[in-house]
Amino acid sequence: PVTSPHPLFSNAAIARRVRELAAQIRRDHHGQPLTLLPILKGALPFAADLLRALERPVQVEFAHASSYGSGRSPGALSHGFAFDPRLLRDQCVVVVDDIVDTGQTLSRIIADIRAVGPRRVSACVLLDKPARRHAAVSVDYVGFAIEDHFVVGYGMDDDGKHRELPYIGIVEEASA
Ligand code: IMP
Ligand code: MG
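Residues numbered from 1 in each chain as written. Chains lettered and ligands numbered in written order. Predicted model: local features only at pLDDT ≥ 70, side-chain atom pairs only at ≥ 80, totals over all residues. Heavy atoms only, no water.

Asker: Help me understand unusual backbone geometry in this model?
Answerer: Glycine aside, residues mostly have negative phi angles, and peptide bonds mostly take the trans form. At the junction of Leu40 and Lys41, the peptide bond is cis and its omega measures out at 5° in the coordinates. Looking at the secondary structure, you find Lys41 in the loop between strand 2 (34-40) and helix 2 (44-54). Even without a glycine there, the phi angle at Glu55 is positive, about 50°. Mapped onto the secondary structure, Glu55 falls in the loop between helix 2 and strand 3 (59-60). (Helix = DSSP H or I, 4+ residues; strand = E, 2+ residues; numbered from the N terminus.)

Asker: I'm lost on the pattern of salt bridges in this one. Help?
Answerer: When the charged atoms of two side chains with opposite charge come close together, those side chains can pair. According to the stated counting rule, one finds 8 salt bridges in the structure shown. A salt bridge links Arg86 to Asp84; the shortest N-O distance between them is 2.6 Å. Classification of Arg86 by relative accessible area gives exposed; the value is 59%. A salt bridge links Arg132 to Asp148; the shortest N-O distance between them is 3.9 Å. Residue Arg132 is found in the loop between strand 7 (120-128) and strand 8 (141-145), and its partner Asp148 is found in the loop between strand 8 and strand 9 (151-152); the two are separated by 16 residues along the sequence. (Salt bridge = Lys/Arg side-chain N within 4 Å of Asp/Glu carboxyl O. Buried < 20%, exposed > 50% of the residue type's maximum accessible area, 1.4 Å probe, protein only.)

Asker: Which parts of the structure should I look at to understand helix 3 (residues 104-116)?
Answerer: Working note: α-helix, 3.6 residues per turn, so residues spaced by three or four point in the same direction. Between the first and last C-alpha of helix 3 there are 19 Å, a value that for 13 residues agrees with the 18 Å anticipated at 1.5 Å per step. Every buried residue of helix 3 is accounted for by Gln104, Thr105, Leu106, Ile109, Ile110, Ile113 and Val116. Residue Gly117 follows helix 3 closely and has a positive phi angle near 85°. (Expected span 1.5 Å × (residues − 1).)

See the structure below:
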């Protein structure tokens, strides 16, 4: 039997926070060329909402990442980019992800993006789970900090499940 994730952030609460983050990013990049770089797949809904809330011209390029581990413990990271790196040359790049946990994904992707030599690189995540951080990464824009729960919805999955939920919920620890 499938139990519904226990609600943590409603769709309305997420939408409010996304508008605030967009306003902050807009202020910080006034008059500068801006690229959003969502990390697929989890960042898809967040990045799509953020993009529309920015209300200014934005270039969009994608990265992808997945950690192969057992269950919910992250293992080796596979990541890559789907664009010509020259597209980032004179851009202020905001890397967008659903959640930062150990920090491995963001720190690797940010390092690769920096190597291309853009004007500036920053990071924006909807959720920050600081409890399990082991890779040093500074995140400039954070939606919500959360306790060490496994969360799903709004793009985040549990082994492929629950990405489509419009809200963010906590899955029962027992099903880990
Ligand atoms: P990190 O590399 O450990 O920081 O993990 C980041 C990636 O792991 C995120 O982009 C998510 O895809 C995934 N992840 C981490 N915590 C959760 C969670 O609680 N639910 C769903 N996915 C998560
Ligand atoms: Mg992810």
